Amino acid sequence: MSEEKLGLNTICTHIGEIKDEQFKGAVSPIYMSTSYAFENVVVKRYPRYFNTPNQAYLSKKIAALEHAEAAMIFASGMAAISTVFFALLKAGDHIVVQNTLYGGTANFIREEFPKHGIEFTFTNGYNVSDFSAAIRPNTKVIHIETPSNPLLTITDIKAVASLAKSNNIISTIDNTFASPVNQNPIDLGIDIVMHSATKYLGGHSDILAGAVASSNQHMETIWNVGKNLGGSLSDFTVWMLERSIKTLGLRVKAQNRNAKKLAKFLQDHDAVKKVYYPGLKNHPQHALAKSQMKGFGGMLSFELIDSLNANEFLSALKLIKPSMSLAGVESTMLLPYSTSHALLTQEQRVALGITNNLIRFSVGIESKRDLMLDIEQAIQSINS
Ligand SMILES: *Cc1c(COP(=O)(O)O)cnc(C)c1O
């Protein structure tokens, strides 16, 4: 069977399964060994070499999902991201990163790169001109994140990838928010795709993991640094992740549908000032989103009208949980001003569009009617 021709849900269910030849069990066995018999190969089997049976097989599933030649599984999204950057950058090199970046990645760059003599520029915005303006002679990498957190801005993947290519720069993307179900950046010319598998790939808020997918050549470079940094994932969790990805297509498509319905519901609601969702026709980059995404994702943000208090609203919810993380099957909300963007000043936040009434909504797979009823009762209860 050619893996390229398989449909999404077949890849999710079957690629990267380990056949249980001994007992003919239905699912992949877990190989927990950290010690394997000496074999006459250059790279022996060892978990920190990312090549145990479970690691190697799950990598095939991730590669197939991202239309890549190869992939690696990491102990966290940050382990994946930091390993890729340290593999591609050395002292004297420069990286251009999008200014609307996941907080952990932005902190990593600001806190660690200066210690290693790596230069960086955060773009002013997310238009292609913002990236081209930041390129220097020593620029080695351009890194983007689309849709962005928390305002769901869209970066033109194809345009940034071709800008990078024409300047001999490697392009990388954090594809966590979209997931491979909704966006395949390698098809659009991006060189390296990274994931926090803690989010949609895991999908049940119970796994910390990361993943990287790219060409064999780039993966070899990343592997060489990865084995030194040691950010590999335990085989038990690798197995949990394989199990979770079996339902990735079903989950994310259900989340896409729910998010679109909820975005429309909120947009029409008197208590809501503004909704940020790339699937809405009035999103400023709806056409661009449509051209590069297969679905618009399960993440949206909205702003309550000034007379309502977002903290009170969150406390009044009964079904939707206030939660730091995202992308689980359960719906969660958080206030970026007091969580993900708490370290910025009020002025910086307002400049970014992050007001105290902005709510980030990670839409789950619950019945959409129940989600709407929960939002409605919470608004009624704080309005009275
Ligand atoms: C959560 C997240 C990360 C970091 O992943 P961890 O698994 O927490 O290390 C990176 N990028 C994005 C977009 C995220 O949401």
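Numbers given to residues run from 1 along each chain, matching the order in which its sequence is written. Totals for whole chains, interfaces and linings use all residues, but because this is a predicted model, local features are given only for residues with pLDDT of at least 70 and pairs of side-chain atoms are given and counted only at 80 or more. The basis for every side-chain value is the complete set of heavy atoms in the structure, and neither hydrogens nor water enter the calculation.

The name that an unreviewed UniProt entry assigns to the protein is Bifunctional cystathionine gamma-lyase/homocysteine desulfhydrase, with the source organism given as Corallibacter vietnamensis. UniProt positions are given in the numbering used here, feature names are shortened, and annotations may be inferred rather than shown by experiment. Taken directly from UniProt, the Cofactor (unreviewed entry) text for the protein runs: "pyridoxal 5'-phosphate". Per UniProt, the comment on the protein under Sequence similarities (unreviewed entry) is "Belongs to the trans-sulfuration enzymes family."

Q: An account of the overall build of the protein is needed here, citing residue identities and associated values.
A: In DSSP terms, a helix is any run of H or I states spanning at least four residues, a strand is any run of E spanning at least two, and both are numbered starting from the N terminus. Along its length, the protein carries 14 helices and 12 strands. Using C-alpha atoms as the atom set, the radius of gyration is obtained and then compared with a globule rule of 2.2 Å times the number of residues to the power 0.38. Relative to its length of 384 residues, the protein is compact, with a C-alpha radius of gyration of 21 Å against a globular reference of 21 Å. Projected onto its principal axes, the C-alpha positions of the protein cover 75 × 55 × 35 Å. Relative accessibility decides the category of a residue: with a 1.4 Å probe and only protein chains considered, values under 20% of the type maximum give buried, values over 50% give exposed, and everything between is partly exposed. The burial tally for the protein puts 55% of its 384 residues in the buried class. When contacts within the protein are restricted to residue pairs at least 6 apart in sequence, long-range pairs at least 24 apart make up 72% of them. The accessible surface values rely on the Shrake-Rupley method and a 1.4 Å probe; as for residues, cover is taken only from the protein chains in view. As displayed, the protein has an accessible area near 16,900 Å², and 53% of this comes from carbon and sulfur atoms. His is not counted here, nor are the chain ends, while Lys and Arg score as positive and Asp and Glu score as negative. Positions of charges follow a simple convention, taking NZ of Lys, CZ of Arg, CG of Asp or CD of Glu. If the 36 positive side-chain charges of the protein are averaged to one point and the 33 negative ones to another, these points end up 4 Å apart. Contacts are residue-level and defined by heavy atoms, with any inter-residue pair within 4.5 Å sufficient.

Q: How would you sum up the domain arrangement of the protein? Please name residues and give values.
A: By domain assignment, the protein separates into domain 1 (3-245) and domain 2 (251-383). Inter-centroid distance (C-alpha atoms) of domain 1 to domain 2 is 27 Å. Tallying the contact residues gives 33 residues for domain 1 and 34 residues for domain 2. Overall, the association of domain 1 and domain 2 removes approximately 2,700 Å² of surface from exposure, summing both partners, and the carbon and sulfur fraction of that is 57%. A per-residue breakdown of the area domain 1 buries against domain 2 is headed by L151, N182 and Y200, which together make up 28% of the total. Bear in mind that the domain bounds are from an automatic or database domain assignment. Two parts placed together each lose some accessible area under a 1.4 Å probe, and adding up what both lose gives the buried area.

Q: How would you summarise the site of the ligand if you had to cite specific residues and measurements?
A: Throughout, the term near means that a residue has one or more heavy atoms lying within 4 Å of the molecule or strand in question. In the vicinity of the ligand, 14 residues are found, and the nearest of them are M78, D174, S196, T198 and K199. Any pair of nitrogen or oxygen atoms within 3.5 Å is treated as a polar contact; in protein, a donor-acceptor pairing is required on top of that, and neighbouring residues in sequence qualify only through side-chain atoms on both sides. In the environment of the ligand, a nitrogen atom lies 2.6 Å from a nitrogen or oxygen atom belonging to the side chain of D174. One of the side-chain N or O atoms of K199 is found 2.6 Å from an oxygen atom in the ligand. Coverage of the ligand by the protein amounts to 93% of the 380 Å² it exposes when considered alone. Here the shell around the ligand gets three residues from one element, more than from any other, and that element is helix α3 (residues 77-88). Here the shell around the ligand is composed, by residue class, of six nonpolar, five polar and three charged. All amino acids are sorted into three groups, where Ala, Val, Leu, Ile, Met, Phe, Trp, Tyr, Cys and Pro are nonpolar, Asp, Glu, Lys and Arg are charged, and the leftover types, Gly among them, are polar.

Q: I'd like a description of the environment of K290, backed by residues and values.
A: Tracing the backbone through its elements, the reader meets K290 in helix α11 (residues 286-292). Taking the relative accessible area as the measure of exposure, K290 reaches 56% and is therefore exposed. Between the alpha carbons of K290 and P278 there is a distance of 8.2 Å; along the sequence they are 12 residues apart.

Q: Talk me through the environment of M324; I want residue IDs and the actual numbers.
A: With respect to the helices and strands, M324 occurs in the loop between β10 (321-322) and β11 (332-334). Take M324: its relative accessible area is 54%, and that puts it in the exposed class. Between the C-alpha atoms of M324 and L334, which are 10 residues apart in sequence, the distance is 6.4 Å. Beyond its immediate chain neighbours, meaning those up to four positions away, M324 contacts L334, T339 and R360.

Q: Mind laying out the sheet that holds strand β4 (residues 139-145), listing which residues take part and the relevant values?
A: Here a strand pair is declared whenever DSSP counts at least two bridges between the two strands. Spatial strand order, β1-β7-β6-β5-β4-β2-β3: seven strands in an open sheet with mixed pairing. Two strands lie at the open edges of the sheet, namely β1 (70-74) and β3 (119-122), each paired on one side alone. The sheet shows a mean angle of 20 degrees between the axes of neighbouring strands, direction not considered. Note: strand β6 (residues 192-196) against strand β7 (residues 210-214), four bridges, orientation antiparallel. Axis definition: a line fitted to C-alpha atoms, limited for helices to the stretch in contact. Angles are taken between N-to-C directions and run from 0 to 180 degrees.

Q: Before we move on, could you go through the side chain of H341 and cite the residues and values that matter?
A: With respect to the element layout, H341 can be found in the loop between β11 and α13 (346-352). Its relative accessible area of 12% is what places H341 among the buried residues. Setting aside chain neighbours within four positions, we find H341 in contact with N149, P150, P336, R349, L352 and I354.

Q: Describe in detail the packing of α3 against helix α4 (residues 103-112), supporting the description with residues and values.
A: Between α3 and α4, the least distance of the axes is 11 Å, while the angle of their chain directions is 40 degrees. By the angle class used here, α3 and α4 are oblique. Considering only the axes of α3 and α4, their crossing is right-handed. Only G104, T105, F108, I109 and E112 of α4 make contact with α3, whose side of the interface consists of M78, I81, S82, F85 and F86. For the contact of α3 with α4, the class distribution of residues is six nonpolar, three polar and one charged. By definition in this entry, angles of less than 35 degrees are roughly parallel, angles greater than 145 are roughly antiparallel, angles of 65 to 115 are roughly perpendicular, and the rest are oblique. Left-handed describes a crossing whose near helix is turned anticlockwise from the far helix through less than a right angle; right-handed describes the clockwise counterpart.

Q: So, the pattern of salt bridges: which residues are in play, and what are the values?
A: What counts as a salt bridge is simple: a side-chain nitrogen of Lys or Arg found within 4 Å of a carboxyl oxygen of Asp or Glu. This structure, assessed with the given rule, holds nine salt bridges. Residue D93 pairs with K140 through a salt bridge whose shortest N-O separation is 2.9 Å. Of this pair, D93 sits in the loop between α3 and β2 (94-97) while K140 sits in strand β4, and the two are 47 residues apart along the sequence. Overall, the relative accessible area of 33% leaves K140 in the partly exposed class. Here the salt bridges share partners, and the residues they tie into one network are K90, D93 and K140.

Q: Any details on the sheet that holds strand β9 (residues 299-304)? Residues and values, ideally.
A: Whenever strands of a sheet pair, they do so through backbone hydrogen bonds, lying parallel or antiparallel. Spatially, the five strands line up as an open sheet ordered β8-β9-β12-β11-β10, and their pairing is mixed. The open sheet has two free edges, formed respectively by β8 (272-276) and β10, since each of these has just one partner strand. Pairing between β8 and β9: four bridges, direction antiparallel. If you follow V275 over to β9, its bridge partner there is F302. Here helix α10 (residues 248-267) sits on the sheet and contacts β8, β9 and β12 (358-362); the angle it forms with β9, its principal contact strand, is near 10 degrees.

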